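Topology and contacts: notes
Read off the chains here:
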Amino acid sequence: MEPCAIIDPRLPEKTVKNLNKAGFLTVTVPLSDLVETPLSGHPDIQMFLHEKNLFVHPDIDKSFLQKIENYVNIIQCPSRLQKSYPADIPYNIACTGTIALHRKESTDKCILDFFLQNEIKIVNTRQGYSKCSTLIVDDSSIITSDESIHKAAEDAGIDSLLIIKGYIDLPGYNYGFIGGASGRFLDTIYLTGSIDSHPDRKMIQNFIESKGMNLNILSDQKIFDAGSIFFIS
């Protein structure tokens, strides 16, 4: 069974084709009217993935779950999404594997219980859009433009590269974030588009490569926030 990439249905055709060429079956997240339109198809708003466990909001489209049920253990959680912050962030958690970064008071209770049972340390951050804001490079390193996440990560022993805010598109907002513009599968970091216009492009590339990871740019258009790409196999 080929690995699967969970994506926003508005991902450009060229990016989708390059994911397919890389060997992934692409599955789109149904648009939700529970959150603001620019975020309505973002995987990292509607779900949280940890290894083979996928935590989803209770109102998610059942036909979508049927498409991925053979890939992951699906856990339906109690937290309902709403348009206003922080009611849209219960699932937007950045997790390196053993350390989770999030606004703890807004984290879904089912996920908090899972962290407790599996000895995953949750580090509180002021930034609730933690997954959007954080590119997980490997189990001990991240890239972010958010100062509060950067400091919380470093305090938790994570190697964090702090980059300049902006230079990532997100229609409907002033700018997007690097976590939402990326995904990781095995030893490769996938970016939705080119970072040539980002002032920290060399730092980003060098940091990823210094961790023994490869970089795959999925489009020659400017990098954009698509609510992360979730890879499952």
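Residues numbered from 1 in each chain as written. Predicted model: local features only at pLDDT ≥ 70, side-chain atom pairs only at ≥ 80, totals over all residues. Heavy atoms only, no water.

Let's shift gears to the packing of aromatic side chains. Summed over the entire model, instances satisfying the criterion amount to 11 aromatic pairs. Considering the side-chain rings of phenylalanine 24 and tyrosine 190, the 5.5 Å spacing of their centres and the 85° angle between planes classify their relative orientation as edge-to-face. Here phenylalanine 24 is found in the loop between helix H1 (13-21) and strand E2 (25-28), whereas its partner tyrosine 190 is found in strand E13 (residues 188-191), with 166 residues between them in sequence. With relative accessibility at 7%, the residue tyrosine 190 sits in the buried group. Measuring from centroid to centroid gives 5.8 Å for phenylalanine 185 and phenylalanine 231, while their planes differ by 50°, and the two rings are tilted. Of this pair, phenylalanine 185 sits in strand E12 (residues 182-185) while phenylalanine 231 sits in strand E15 (residues 230-232); the two residues are 46 residues apart in sequence, bridging distant segments of the chain. Just as phenylalanine 185 is buried, phenylalanine 231 falls in that class too. Through a chain of ring-to-ring contacts, three or more aromatic side chains come together here, namely Phe24, Phe185, Tyr190 and Phe231. (Phe/Tyr/Trp six-rings, centres within 6.5 Å; stacked < 30°, edge-to-face > 60°. Helix = DSSP H or I, 4+ residues; strand = E, 2+ residues; numbered from the N terminus. Buried < 20%, exposed > 50% of the residue type's maximum accessible area, 1.4 Å probe, protein only.)

This part is about the pairing of strand E10 (residues 141-144). Look at any regular strand and the pattern is simple: side chains alternate between the two faces of the sheet. Burial along E10 is two-sided: the face carrying Ser141 and Ile143 and the face carrying Ile142 and Thr144 are both buried. Direction of pairing for strand E9 (residues 134-138) relative to E10: antiparallel, over a ladder of 4 bridges. Bridging across to E10, leucine 135 finds its partner in isoleucine 143. With antiparallel pairing between neighbouring strands as the criterion, E9 and E10 make up a hairpin whose turn holds 2 residues. The sheet contact formed by E10 and strand E11 (residues 159-162) spans 4 bridges and is parallel. Directly across from isoleucine 142, in E11, lies its bridge partner serine 160. For the segment spanning E10, helix H6 (residues 147-155) and E11, crossover handedness is right-handed. (Pairing = 2+ DSSP bridges. Right-handed = clockwise from strand over helix to strand, strands pointing away.)

Time to look at the environment of glutamine 127. Residue placement: glutamine 127 occurs in the loop between strand E8 (121-124) and helix H5 (130-133). Through-space distance from the C-alpha of glutamine 127 to that of cysteine 110 is 20 Å; in sequence the pair is 17 residues apart. If sequence neighbours within four positions are ignored, glutamine 127 has contacts with Tyr85, Arg103, Ser133, Asp146, Ser148 and Ile149. Within the structure, the side chain of glutamine 127 is placed 2.9 Å from the backbone nitrogen of tyrosine 129, a separation counted as a polar contact. (Contact = heavy atoms within 4.5 Å. Polar contact = N/O pair within 3.5 Å; in protein donor to acceptor, adjacent residues only side chain to side chain.)

These results come straight from atomic positions and should not be treated as a statement about function.
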